[in-house]
Each structure stands twice: as structure tokens, then as C-alpha cells.
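Tertiary structure, described
If you want the building blocks of each chain, they are given just below.
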Amino acid sequence: MTESLSQHLSRRDSCPFQPHVGPAASAFLLVEATGGSGGGGYGSGGGRAGSVVSKGNGSPSKAAMGGNLAELQDLLKAGKSKEQGKRRRSSVRYAILQLFPSQVKTFVRENDWSPTNSIRSHLWFELCRHHSTDGMSSEGFYSETVDQVFGRNQIMLAVMQSRTLGQCVKEIEERPEECAHLPSFVDQVNVLSYFLTEKGNLAARRVICVLGYTHPDITYCPGLYPLTSLFLHYMSEEDAYNSLCTLVRSRQGKFLHQTKLGYEAAWRTVYTLTKKHAKAAFAHLGKFVKTSDQVERLFESWYWWIFKYLPFTHLVRVVDCYLYEGKKVLYRVAMALVMLFAKQSAKMDSVLSQEALNFGLRQAIQKFCQDIPVTPSKLLKIAFGIRSLSQKNINNILLRIEMGLKSRTLITGPASIKRSFSSEGLPTSQSQINIHMSSHTLTVRELLTLWSWLPTRVTMYQPELVYTTEEHGCSLLTFYSRVQNYEPTLLIIKTTDDEIFGAYCSTKWSEKDTKGETGQKRTYFGTGETFLFTINPEMRKYPWVGLRHQEGSETTALKHSAELFMAADNKMLTIGGGSGQAIWIDENIRFGGTSRCDTFDNPPLSESRNFECKVVEVIGFK
């Protein structure tokens, strides 16, 4: 008989959600649990001592795999005191280390814990810890970093404290540009909170912001926010941060794709795997669309079938397995969902089939996931029952797809590059290839023109694309971390109007942190080698006005305002000064402006003067 929610939460061997979770979660989960979600219900042994290992189809328990498994079986008997909690976590850690990997995998797969089962508050943390390559962060590191991040951005802190959850969701939907305080790797459309209270939502945002600060190389990782929200159901804010760090740093991206290219490769991998290992289900999808491209594009949203549309009872069980086995679990679950959808919509006069025909296949699958007709155990059984799907096969397919995607930006080969009759002041053929293979903005002709403007000594070095918003995200902090040790650098900006312009920056960007004779940080730095340029719609170079004085073409004294080359802080970067700024870009590398300045005596480099960045790149030399 299913016990009441209050009875369940009052038991010593049950741990309610963290205080970050609102009452809506309990109400939802109770309905899910009592509605036949097999084994996931509150009275189905989810929190009872001695019922951790499910018996399956009447077969003996897998506890016979090893004596240390008894350690895990006894975990639910622990109380909720701090000391008991420490002993419990230590027991989980010890058992995971002592058991064979196959034993831990089977243990996690076969136990149908309810969403409020207290084992996750220890098991999830220890599963993540198990994958750590360099250990967890030292105690207090997270809180100190929170102080650093929000101490540097009081506006962000004020915004986060003043907005309610409803306001944040509304603004994300209506004005996503006003939610820039979240790192750029977050998918602003899918900021999922899973019933977190306002306090919990703010905690999730803090964790995400600190992750963005400590891991600037993450450029696109939509899975981090949902996982953060889930972790806050079962662990403290600091434990959630440490656990996520281990997933981010895992070898070979076992858990998370962290670039847009990786994310695209993932959905194409799921598409390929489904086509190969679930042929009948894949063919069935074609009945609801006009072209094969529509089926392919359907898989672009595969990740959200799981994290956005599956009921919470199913989602946490998927995450149980995912935290030990990695993203291959998600691939399998996505394929299982397609197989189940095909089975439920086999009859063309069924409600599900009519939904797909009338409202589209994408909406039909989303609705199917929301109302999934099988239990979490059944879903996982189907997912893990897909044969001939080894980790090696998945990795090979993923690697092949990634290489194919990368090749789209490559030129056809060295023969396609026209060589100059004179090599003086021009890049070597290898240098041309290095830039053109990686740059999203410069053609070969534009490259050669720009190269001819560089100081002769610089043309002897090999160019390297060290930063691009398309791969490294839109953040000045990331920008500085990647380019600060290169000297010189080329800053190239392409606007949404397809104008291309930029600057040759003669000095390291790390100079922004050096102090002058007075002990104060320098506002401006750089040398007279710095120059501006435009590439599109016209090619033109704007050197420092001081060169005219040196050449004797100007007789008036050079003003101090004509020696303001480069300036930078955490809010913006600037090229040129005096009577205006030749180029400035905001902290999110999204908007900027250009005007005449005394340093280069240039006209505005963009026709509209205020511009929106489409791509920003930095080429360094070494």
C-alpha cells in the first residue's frame, strides 16, 4: 500500500529534497509515484531499508556479486545527522572503489529508487567523485570564488537578488539579451529549474556563473544548467559545483559536449545510431514527414526529449545511470524513446499518429515523452537491451562525424591558394593554410592584403587562431584568458551587416594589469605600431598619426590624446582614444561602437557607428 507523502518524509531512512525545492515538486512526484510508475512510487521500497536492490523477475538479487555490495544495501538505514551523513558517504565511496565496475553498473541500473530517496544525496556525489582526475576543489574554494565573481560584478548580484523566478523565465522568453549574466554556454531557451524555489534558482545561477568563470573554455554546454538544477535537489550548492566540475573535466568528454560543434556531432550520432540499430523504428518516422531531412532535423532536439519532456521520475533514473556510464546512456535512452514512439504510433489511426500528422512529428514526440506509457525500469530495460552498441562503436561514429563537421571549414588544399610572384612581406603557403583553415572571416585575398600591412618581422612567425566567438564563447574573461600572452595579435570583427574591420594590436593584452610608476593600473598601453584596418566593404589601413610627425609631414606638436592605443578591463576593451574611440566592445562581446579618434584620425569603421558582432576573432603569432 502506498504511504502518504508526510509519512514517507518523516521516516528516518528518507531524506526530503534540499530546501531549494518548492512544494510543487512533492505534489507532482506524488502523482507520478501513485500513478503506476512501477517501482518508482513512494511505497515501492524507494526509501525502505533492505529494499535497495530490486529482485527483477523473481531472480536472485545481484547482491551476490560481492560482499561489499552489502555496504550499499545498508546505506538507507542511516539517519540524517551530520555525522551519520559523513559515515554514509564514506560507505558509498568505499563500496564504489571496492566493487568491480560491472557490479556498480548493474547495481545502479537495477535499483528503482524513488525521486525522494536519500541515497542520491551521497551516491550522485560519489559517482561524480569517482570520475575525478585531479581531485575535488579544496574546502572553501567555491565560496571564495563566488565572492570573487559577484564582487567583480555587483550589477549581476543585484539583478539575481531582485528578480523572481517568474520574472527570470518571462525575461528569458521575451528578452533573452537581458539575461546575459548567465554564461554564454547556457541555452537561454532551456533554463530548466525542475521545481526549484526562487532561492534554489538563484543557487543554480550562482553555480553556473562560477563554472563559467573557472572554466572559460566551455563555449556551448546546454546540459550544465539542467544538471545543476537536478543536483541541487540532492546535495549542497558547493557539492553540486564540485560534482559538475568532475563531469566537465572528465577524459575525452565522457559526460558533456562543450562546444557547438560537439553538440551538433552528438545529435548526428544519435541519428546515425538510430538509423543503424533501430531500423524499423527509424523507418516508421518517415511516414509522418515529406522528406528525409525532416527526420534528420528531428534529432536536433533529442537532448530535450530526456531533460525537458520526460517525467521527473524517469529523468532521475536516467541520470543515476548517466553519472556512472556517461553520455552513452543518453544515446541509448533517446533511441529507446524512438522505438517506443514507433510502437505506440504503429496504427495510423491512433491518437499519437494523428498528433504527428496534424501537428508535426517534433511535437508528437515531445508529447509522447511527457506522457510516456512505460515505467522508468521499462524504459531503461529497452535502452540497455539494444545490442551491438559498444562504447567503441559509439566513439568511432562520433569521431567520424566530428571530423566531417570540421572539414566543412577547410580549404580544398594548398593548390587552391594563388601564390604571389614575390614572397616579400607575404605569408608562407603554410601560414596561409593555417589562417584560412581556421578563420571564418578572411578570404585568401583579404588575408594577403592584411599580411602586407604587418611589420616585416611579424610575417616570419606562424599565425594561430587563438580566440573565436564561434567556438570559445562571448565573454571578455574568456577573451583575455586565451589571448593575453600573445604579442602581437590581430583583432578581427565581423558585424551582423557583414562589415569586417579590426586592429593590429602591438602589445600583449596582459598589459592591462600592469601598474605604472604611481602604483595604479595603466589605463592605456600599446605602441605606435598599432593600426586600424577595414576589409569590407573597402580595404584600408589607418596607421598611428604619430608616424606622420616622424616622417615630417606634420609640424604641429603631437597631443597626448594621440597616444592612446589600447585599453581594457572586465567591462570593455578599447582601441584608440581622444575625441572618441576607434573601436570599443562590451563585456559580452556582442555590441560595440566606432568613431573618429585622435590616435589614428580615422573615420568610423562601421557605417552605422554602433554595431552588433557576428564573429570576433583573434589571430596570434608565435
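Everything that follows concerns the structure shown earlier in this document.
Residues numbered from 1 in each chain as written. Predicted model: local features only at pLDDT ≥ 70, side-chain atom pairs only at ≥ 80, totals over all residues. Heavy atoms only, no water.

**Thoughts on the environment of Val 207**
Looking at the element boundaries, Val 207 is found in helix α10 (residues 198-214). A relative accessible area of 0% places Val 207 in the buried class. When the C-alpha atoms of Val 207 and Val 146 are compared, they prove to be 8.4 Å apart, with 61 residues separating the residues in sequence. When near neighbours in sequence (up to four residues on either side) are disregarded, Val 207 contacts Tyr 142, Thr 228, Glu 237, Tyr 241 and Leu 244. (Helix = DSSP H or I, 4+ residues; strand = E, 2+ residues; numbered from the N terminus. Buried < 20%, exposed > 50% of the residue type's maximum accessible area, 1.4 Å probe, protein only. Contact = heavy atoms within 4.5 Å.)

**Digging into the pattern of salt bridges**
What the rule picks out here adds up to 18 salt bridges. Between Arg 268 and Glu 296 there is a salt bridge whose closest N-O contact spans 2.6 Å. Note that Arg 268 is positioned in helix α13 (residues 260-277) and Glu 296 in helix α15 (residues 292-298), a separation of 28 residues in sequence. Arg 268 gets classed as buried once you look at its relative accessible area, which sits at 18%. With a shortest N-O distance of 3.4 Å, Lys 614 and Asp 498 are connected by a salt bridge. (Salt bridge = Lys/Arg side-chain N within 4 Å of Asp/Glu carboxyl O.)

**Things to note about the packing of aromatic side chains**
Taken as a whole, this structure holds 28 aromatic pairs when the rule is applied. Between Tyr 263 and Tyr 303 the ring centres are 6.4 Å apart and the planes differ by 65°, which places this aromatic pair in the edge-to-face class. Pair noted here: Tyr 263 is in helix α13 and Tyr 303 is in helix α16 (residues 302-309), with a separation of 40 residues, a long-range link. Neither residue differs from the other here; Tyr 263 and Tyr 303 are each classed as buried. With 6.2 Å between their ring centres and 65° between their planes, Phe 288 and Phe 341 make a pair best called edge-to-face. Taken together, the residues span a long stretch of sequence, with Phe 288 in the loop between α14 (279-285) and α15 and Phe 341 in helix α18 (residues 328-344) at a distance of 53 residues. Both residues of the pair, Phe 288 and Phe 341, count as buried. When the ring centre of Tyr 220 is taken as reference, the NZ or CZ atom of Lys 260 above it lies at 5.6 Å. Directly above the aromatic system of Phe 531 lies the positively charged group of Lys 541, at a separation of 4.6 Å from the ring centroid. (Phe/Tyr/Trp six-rings, centres within 6.5 Å; stacked < 30°, edge-to-face > 60°. Lys NZ or Arg CZ within 6 Å of the ring centre and 35° of its normal.)

**What about the pairing of strand β8 (residues 583-586)?**
Relative to β8, strand β7 (residues 572-575) runs antiparallel, the two being bridged by 4 bridges. What sits directly across from Ile 575, in β8, is Ile 583. Where β8 meets strand β9 (residues 591-593), 2 bridges bridge the pair, whose relative direction is antiparallel. Considered in β9, the bridge of Trp 584 is made with Gly 593. Joining the antiparallel neighbours β8 and β9 is a turn of 4 residues, in which Ile 589 adopts a positive phi near 50°. (Pairing = 2+ DSSP bridges.)

**Focus on the nonpolar core**
Counting residues in hydrophobic clusters, the biggest one holds 113 residues, and the most contacted among them are Phe 299, Trp 302, Ile 306 and Phe 307. Filtering out sequence-adjacent residues up to four positions away, Ile 306 remains in contact with Leu 315, Val 318, Leu 330, Val 333, Ala 334 and Leu 337. Grouped together as the second largest cluster of nonpolar side chains are 35 residues, Ile 493, Ile 575, Ile 589 and Val 616 included. (Core = buried A, V, L, I, M, F, W, Y, C linked by side-chain atoms within 4.5 Å.)

**Regarding the packing of helix α17 (residues 312-325) against helix α21 (residues 376-384)**
In contact at an axis separation of 9 Å, α17 and α21 are set at 40° when each is read in the N-to-C sense. On the basis of the axis angle, α17 is oblique to α21. Of the two elements, α17 crosses α21, and the hand of that crossing is right-handed. Contact residues: α17 offers Thr 313, His 314, Arg 317, Val 318, Cys 321 and Glu 325, while α21 offers Pro 376, Leu 379, Leu 380 and Phe 384. Classifying every residue of the contact of α17 with α21 by side-chain character gives 6 nonpolar, 2 polar and 2 charged. (Axes fitted to C-alpha atoms, helices over the stretch in contact; angles between N-to-C directions. Parallel < 35°, antiparallel > 145°, perpendicular 65-115°, else oblique. Left-handed = near helix turned anticlockwise from the far one by under 90°. Nonpolar A, V, L, I, M, F, W, Y, C, P; charged D, E, K, R; others polar.)

**Regarding the environment of Ile 401**
Mapped onto the elements, Ile 401 comes out in helix α22 (residues 391-407). For the pair Ile 401 and Thr 269, spaced 132 residues apart in sequence, the C-alpha separation works out to 7.2 Å. Sequence-distant contacts of Ile 401, defined by excluding residues within four places in its chain, comprise Ala 265, Arg 268, Thr 269 and Thr 272.

**What to know about α17**
Look at α17: 20 Å from first C-alpha to last across 14 residues, which is about the 20 Å you get at 1.5 Å a residue. Of all the 14 residues making up α17, 14 are buried; the element is thus mostly covered by neighbouring parts of the structure. Where α17 ends, the next residue or the one after it, Gly 326, has phi of about 95°, a positive value. (Expected span 1.5 Å × (residues − 1).)

**Observations concerning unusual backbone geometry**
Geometrically, the link from Glu 487 to Pro 488 is a cis peptide bond, its omega value of 0° lying close to zero. Position of Pro 488 among the secondary structure elements: in the loop between α26 (476-483) and β2 (489-495). Pro 537 follows Asn 536 through a cis peptide bond whose omega is 15°. As for its position among the elements, Pro 537 is in the loop between β4 (531-536) and β5 (540-542). With phi around 65°, Asp 498 is a residue other than glycine that occupies positive phi space. Along the polypeptide, Asp 498 turns up in the loop between β2 and β3 (500-505). One non-glycine residue with positive phi stands out, namely Arg 609, at about 70°.

**Section: empty space enclosed by the protein**
Under the counting rule described, the total for this entry stands at 3 cavities of 30 Å³ or more. In this structure, the largest cavity encloses a volume near 100 Å³. If you trace the largest cavity, you find 13 residues lining it, with Phe 255, Leu 256, His 257, Tyr 263 and Tyr 303 closest to the centre. (1 Å grid on protein atoms, 1.4 Å probe; cavity = no way out; pocket = protein on both sides within 12 Å on 5 of 7 lines; lining within 4 Å. Points joined across faces, edges and corners; volume = space filled by probe spheres on them.)

**Structural notes on the side chain of Thr 228**
With respect to the helices and strands, Thr 228 occurs in helix α11 (residues 224-234). Under the relative-accessibility criterion, Thr 228 is labelled buried at 0%. When sequence neighbours within four positions are dropped, the list of residues in contact with Thr 228 reads Ala 204, Val 207, Ile 208 and Leu 244.

**Comments concerning the environment of Val 374**
By secondary structure assignment, the location of Val 374 is in the loop between α20 (361-370) and α21. For Val 374, a relative accessible area of 16% puts it in the buried group. Val 374 sits 34 residues away from Leu 340 along the chain, and the two C-alpha atoms are 8.8 Å apart.

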